Amino acid sequence: MTTETTNRMDLTFRKLKAEGRAALIPFLTVGDPNLNTTLDIIRELEAAGADILELGVPYSDPLADGPVIQRASSRALRGKVHLRTCMETALKARQAGSSLPFILFTYYNPVMQMGLDTFFAELDKHEISGLIIPDLPVEESEDMRRRSSAAGVNLIPLVAPTSSERIAKIVSGASGFVYCVSSLGVTGERSSFHTGIDAFLESVREATDLPIAVGFGISTGEQVARFARICDGVVVGSAIVRKVEDVIPLLEQPATRAEGLLQIREFVAQLRP
C-alpha cells in the first residue's frame, strides 16, 4: 500500500483538528441501488463535504444493521454485489478523482470466505484506508490486528456504552480512530441517545490518544453538531441510506437522475458540522 493511502485518514484528522472541526463520515451501502449509481453518490457525498467514507458491504445476515440498511443490502445483493465488488468500487471512485479515505465496513464471514491472505492483498490493491468488522470481538482479533498493521490498514474497533471495563482492552489495538456507538441495539435513526452518552465518550477519550468518532442513530444536522463539539468525527448511516432509498425512483430514470443525486448531496451538505 502506498504511503499516501496509509496516511490518508491520519492526515484528514490532523487537517480537521487544525481547522477546529469534526469529520463528517457518511455510511453508504455499495451497490444500492446499483454500482454505477454508487460511484455517482460517492462523488456527491464528497462534493457535499464528506471527509471520510464508510463503504458498507451488503450482507444477508447482519449483526448491527437496522431495517433501513438491511433493505439496502437486500437490493445490492440482488445485484450480485459482494466483497470484491465493493473494493473494486472504491478503486474506481479513486480513479475518478475521489480523495476521500475509504473504510470498508464488512462482517467477518465474507473476509473468511475470501481468505485472509487474499483479503489483505486486495485491500492493498484497491486503496482501502480502514476496516470495520463489527462481529469480530477483541478477544479474537489478534491475527486481524497483526495483519492490518503489517498492511498499513487502520483496524477500527466499535466501543459500546456497555463495554465499560473492556474499553481499554478494545482500544489498545486500534488504529485510525475509535468508533463509539451512541445507542444500544442496531443502527437506525433516533431522536434520543443512551443515557450517560457524554460520560461514555469521555471515558473512551481518556483511554486512547486516537481520534474518537460517534455513530449509530445520528440523523440530523442538530445531532451532528451536538456530537461534533465533543468528538473528532460523526458517522451518519441510516439517514443517508434512507435518503438514497427515497430517491431511487428518480435515480432510475435518466430524465430525473440528476435531481435524485442533487437531493442526496443537499441532504448530506446540511449535516456537515
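What counts as what
Residues numbered from 1 in each chain as written. Predicted model: local features only at pLDDT ≥ 70, side-chain atom pairs only at ≥ 80, totals over all residues. Heavy atoms only, no water. Axes fitted to C-alpha atoms, helices over the stretch in contact; angles between N-to-C directions. Helix = DSSP H or I, 4+ residues; strand = E, 2+ residues; numbered from the N terminus. Parallel < 35°, antiparallel > 145°, perpendicular 65-115°, else oblique. Left-handed = near helix turned anticlockwise from the far one by under 90°. Contact = heavy atoms within 4.5 Å. Buried < 20%, exposed > 50% of the residue type's maximum accessible area, 1.4 Å probe, protein only. Pairing = 2+ DSSP bridges. Expected span 1.5 Å × (residues − 1). Polar contact = N/O pair within 3.5 Å; in protein donor to acceptor, adjacent residues only side chain to side chain.

### Comments concerning the packing of helix α2 (residues 35-47) against helix α4 (residues 83-95)
- Interaxial distance between α2 and α4 falls to 10 Å at its minimum, and their mutual angle equals 45°. One way to sum up the angle between α2 and α4 is to call them oblique. Taken as a pair, α2 and α4 cross one another with a handedness that is right-handed. Note on element contacts: α4 touches α2 through Thr 85, Thr 89, Lys 92 and Ala 93, opposite Leu 35, Thr 38, Leu 39 and Ile 42.

### Points about the environment of Val 178
- By the secondary structure assignment, Val 178 is in strand β7 (residues 178-181).
- Residue classification places Val 178 among the buried positions, given a relative accessible area of 0%.
- Residues Val 178 and Leu 24, spaced 154 residues apart in sequence, show a C-alpha to C-alpha distance of 14 Å.
- Other than its neighbours up to four places away in sequence, Val 178 contacts Pro 157, Val 159, Val 171, Val 204, Thr 208, Leu 210, Pro 211, Ile 212 and Ala 213.

### Quick notes on the pairing of strand β3 (residues 102-105)
- Judged by which residues are buried, β3 turns out to be covered on both faces: Phe 102 and Leu 104 on one side and Ile 103 and Phe 105 on the other are all buried.
- Of the pairings in the sheet, the one linking strand β2 (residues 53-56) to β3 comprises 4 bridges and is parallel in character. Bridging from a neighbouring strand, Leu 55 pairs with Leu 104 of β3.

### Quick word on α2
- If you check α2, its first and last C-alpha atoms are 19 Å apart, about what 13 residues at 1.5 Å a residue would give, namely 18 Å.
- Those residues of α2 lying buried are Thr 37, Thr 38, Asp 40, Ile 41, Ile 42, Glu 44 and Leu 45.
- Backbone nitrogen of Asn 36 and a side-chain oxygen of the N-cap are separated by 3.3 Å at the start of α2; the cap is Asn 34.
- Where α2 terminates, the next one or two residues include Gly 49, which has phi positive at roughly 110°.

Geometric descriptors of this kind do not, in isolation, establish any biological role.
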